[in-house]
Amino acid sequence: MNFSPNTVFIKVTDHSVSKESFDLLLDEELQLLKTFPQPSLDKLPSYYESEDYISHTDSKRTLFEKLYHLVKTNALKNKVALIEKENPNKGNLLDIGAGTGDFLNQANQSGWKCVGIEPNEKAKQIAISKNVKFTTTLEELADKSFDVITMWHVLEHVPDLENQIKTLKRLLKPNGTIIIAVPNFKSFDAKHYKSFWAAYDVPRHLWHFSKTSIQKLFNKDDLELKKVRPMWFDSFYVCLLSEKYKSGKMNFVKGFFYGFISNCSGIVQKEYSSHIYIIKNK
């Protein structure tokens, strides 16, 4: 796989932790953006060390966090319903980037045999308290051992895309399903907020995807992109954060307004704030 990003698409700032600036380089063929420079593997964890990194905490300190967790409860049920629609016979489920374990906890209750992987120790310990089981590395898992593999807003964090895709293929059973959710830099809200778009989230997001890039990355070696679904609530969450980055305060009226407009635009243009990609093994 040859990545050749060579054009500066936009310059963005890490608004939430370091305040450092990064370039996003465009690969024209793949329609994929790469954060540049990408932090070393040793330095990368330091960019996650913030109480505001919401996926690594169950805290409900602010109205924004309370709203996030309220929406999250409904989203978890929808995620489990989605995997059961794609794989009616419940089997083995691997969630990569399990965070605080709520999705796996919900899937466990629904009858799936679940295991997760999560590099952040604080989030992992919260998940363990919910009886979520973990593996240490993907390398120790057996070939063709999972019916479903999920990555909910995780692929954009992975340093080595090529190796990650090979690993997913190795772990997936014949006729198994990979479900990947990632932000879409071609959405209305990305174009509206530009460098303030919260879903760029540099440098934690090392890659920034379009529908074209996911299709070209995964449509090979017996994998096939079958469906693309919108994540309706992501536009509101992203627009609220983007308003905060742009103006310095949380503007709920503007955030919800532009989130609504983004979804309306998505209905017409088929470019939503975030997409769920359903990929099947032949």
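Residues numbered from 1 in each chain as written. Predicted model: local features only at pLDDT ≥ 70, side-chain atom pairs only at ≥ 80, totals over all residues. Heavy atoms only, no water.

(A) Spatial organisation of the sheet that holds strand 6 (residues 146-152). With mixed pairing, the six strands of this open sheet are ordered in space as 5-4-6-7-10-9. Strand pairing shows two members of the sheet lacking a second neighbour, strand 5 (113-117) and strand 9 (223-230), which therefore form its edges. When strand polarity is set aside, the average angle formed by the axes of neighbouring strands in this sheet is 20°. In terms of strand pairing, strand 4 (residues 92-96) meets strand 5 through five bridges, oriented parallel. Bridge pairing in strand 5 links leucine 93 to cysteine 114. (Pairing = 2+ DSSP bridges. Helix = DSSP H or I, 4+ residues; strand = E, 2+ residues; numbered from the N terminus. Axes fitted to C-alpha atoms, helices over the stretch in contact; angles between N-to-C directions.)

(B) Looking closely at the packing of helix 7 (residues 234-247) against helix 8 (residues 252-269). Running from amino to carboxyl end, helix 7 crosses helix 8 at an angle of 135°, the nearest separation of the two axes being 8 Å. Taken together, the axes of helix 7 and helix 8 lie oblique to each other. Both helix 7 and helix 8 take part in a crossing whose hand is right-handed. Note on element contacts: helix 8 touches helix 7 through Phe252, Lys254, Gly255, Phe256, Tyr258, Gly259, Phe260, Ser262 and Asn263, opposite Ser235, Phe236, Cys239, Leu240 and Glu243. Class assignment of the residues belonging to the contact of helix 7 with helix 8 gives a composition of seven nonpolar, five polar and two charged. (Parallel < 35°, antiparallel > 145°, perpendicular 65-115°, else oblique. Left-handed = near helix turned anticlockwise from the far one by under 90°. Contact = heavy atoms within 4.5 Å. Nonpolar A, V, L, I, M, F, W, Y, C, P; charged D, E, K, R; others polar.)

(C) Highlighting the state of the cysteines. This structure, assessed with the given rule, holds zero disulfides. Counting only cysteine sulfurs, cysteine 264 is the nearest neighbor of cysteine 239, a cysteine outside any disulfide, at a range of 12 Å. (Disulfide = S-S within 2.5 Å.)

(D) Empty space enclosed by the protein, seen in detail. Under the criterion given, the structure shown has two cavities of 30 Å³ or more. Roughly 60 Å³ of volume is contained in the largest cavity. Lining the largest cavity are 13 residues, with Thr13, His15, Ala198, Asp201 and Tyr245 positioned closest to its centre. A per-class count over the lining of the largest cavity returns six nonpolar, four polar and three charged. (1 Å grid on protein atoms, 1.4 Å probe; cavity = no way out; pocket = protein on both sides within 12 Å on 5 of 7 lines; lining within 4 Å. Points joined across faces, edges and corners; volume = space filled by probe spheres on them.)

(E) Highlighting unusual backbone geometry. Between phenylalanine 36 and the following residue, proline 37, the backbone shows a cis peptide bond with an omega angle of -5°. The residue proline 37 is located in the loop between strand 3 (32-36) and helix 1 (63-86) in this model. Residue valine 202 is joined to proline 203 through a cis peptide bond whose omega torsion reads -10°. A positive phi angle is found at lysine 194, which is not glycine, with a value near 55°. The topology assignment puts lysine 194 in the loop between helix 5 (188-193) and strand 8 (207-208). One non-glycine residue, aspartate 221, lies in positive phi territory at about 50°. Tracing the backbone through its elements, the reader meets aspartate 221 in the loop between helix 6 (211-218) and strand 9.

(F) View of the packing of aromatic side chains. Applying the stated criterion to the full structure yields nine aromatic pairs. Here phenylalanine 22 and tyrosine 47 contribute two aromatic rings whose centre-to-centre distance is 6.4 Å and whose plane-to-plane angle is 75°, an arrangement assigned as edge-to-face. Of this pair, phenylalanine 22 sits in strand 2 (residues 21-27) while tyrosine 47 sits in the loop between strand 3 and helix 1, and the two are 25 residues apart along the sequence. Of the two residues, phenylalanine 22 and tyrosine 47, both sit in the buried class. (Phe/Tyr/Trp six-rings, centres within 6.5 Å; stacked < 30°, edge-to-face > 60°. Buried < 20%, exposed > 50% of the residue type's maximum accessible area, 1.4 Å probe, protein only.)

(G) The pairing of strand 6, seen in detail. The buried fraction of strand 6 is high, at seven of seven residues. Note that strand 4 and strand 6 share three bridges and pair parallel. From the neighbouring strand, aspartate 95 faces strand 6, where its bridge partner is threonine 150. Both strand 6 and strand 7 (residues 172-183) contribute to a ladder of six bridges, which runs parallel. Directly across from threonine 150, in strand 7, lies its bridge partner isoleucine 179. The parallel pair strand 6 and strand 7, bridged by helix 4 (residues 161-171), forms a crossover whose chirality is right-handed. (Right-handed = clockwise from strand over helix to strand, strands pointing away.)

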